[in-house]
Amino acid sequence: MLKNLLMLCALVCLSWSASASDEAPFSGDISASTLLADYNKFSQEYERFTATSDELELIQKLAGKDILVLFGTWCHDSQREVPRLLKLLEKSKVAVNSLQLIAVGYNKKDPAGVAPAHELKYTATMIVMQEGKELSRVVEKPKNSLVIDLTNFDEE
């Protein structure tokens, strides 16, 4: 009897984990407010992160630029870096031209094909552009700091 009960529990657990892993993560365009409201790890990092006054000053270089963020809701690098970017943008009140958040699936693709068009290899990838020209790109995690790496471009 105990053996049958253990076998039944094992089958139920296996079936549950198989169905949970079949569920694909969200992919597509998402707003910052929806991301923070619907994904707890993103909102926790957003609340935890504190920007320095130097970072808030330096990020002003993004004024008038377009920012494309390709990330996975399932990705630990994304869960760390994307909320930090959102907090920096909000606290600095920098007037970027546009901010586009595109979530990708495990296959690093999105329904509109934005990720492959920008040669996404790793998440999170943050791209700063002006008039369609790429100025800087941060992949997975910054080499120096998020602000320094995002603003490491020459303004013409």
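Just above, that's the structure.
This one's a predicted model, so the numbers in the text were calculated from it and none came from an experiment. (Residues numbered from 1 in each chain as written. Predicted model: local features only at pLDDT ≥ 70, side-chain atom pairs only at ≥ 80, totals over all residues. Heavy atoms only, no water.)

Asks: Hey, could you go over the pairing of strand β4 (residues 125–130) for me, with residue numbers and the actual values?
Replies: With five of six residues buried, β4 is to be regarded as a mostly interior element. Relative to β4, strand β2 (residues 66–71) is paired through five bridges, and the arrangement is antiparallel. Bridging across to β4, V69 finds its partner in M126. Pairing between β4 and strand β5 (residues 133–139): six bridges, direction antiparallel. Residue Q130 lies in a different strand from β5, and its bridge partner there is K133. Between the antiparallel neighbours β4 and β5 lie two residues, among them E131 with a positive phi of about 50 degrees. (Buried < 20%, exposed > 50% of the residue type's maximum accessible area, 1.4 Å probe, protein only. Helix = DSSP H or I, 4+ residues; strand = E, 2+ residues; numbered from the N terminus. Pairing = 2+ DSSP bridges.)

Asks: How would you explain the side chain of E55 if you had to name every residue and give the values?
Replies: For E55, the location among the structural elements is in helix α4 (residues 53–58). One buried charged residue, E55, remains without a salt bridge, the closest side chain of opposite sign being R84 at 7.9 Å. Apart from residues no more than four positions distant in its own chain, E55 is found in contact with F49, T50, L88 and V147. (Lys, Arg positive; Asp, Glu negative; His and termini not counted. Salt bridge = Lys/Arg side-chain N within 4 Å of Asp/Glu carboxyl O. Contact = heavy atoms within 4.5 Å.)

Asks: Describe the pattern of salt bridges, listing the residues and the values that go with them.
Replies: Taken as a whole and judged by the stated rule, the model has five salt bridges. A salt bridge links R48 to E45; the shortest N-O distance between them is 2.6 Å. One end of the pair, R48, and the other, E45, are both in helix α3 (residues 40–48), three residues apart, so they sit about a helical turn from each other. Residues R80 and E81 are paired through a salt bridge, measuring 2.6 Å at the closest nitrogen-oxygen approach. Take E81: its relative accessible area is 3%, and that puts it in the buried class. What you see here is one network of salt bridges that share partners, running through E45, R48 and R84.

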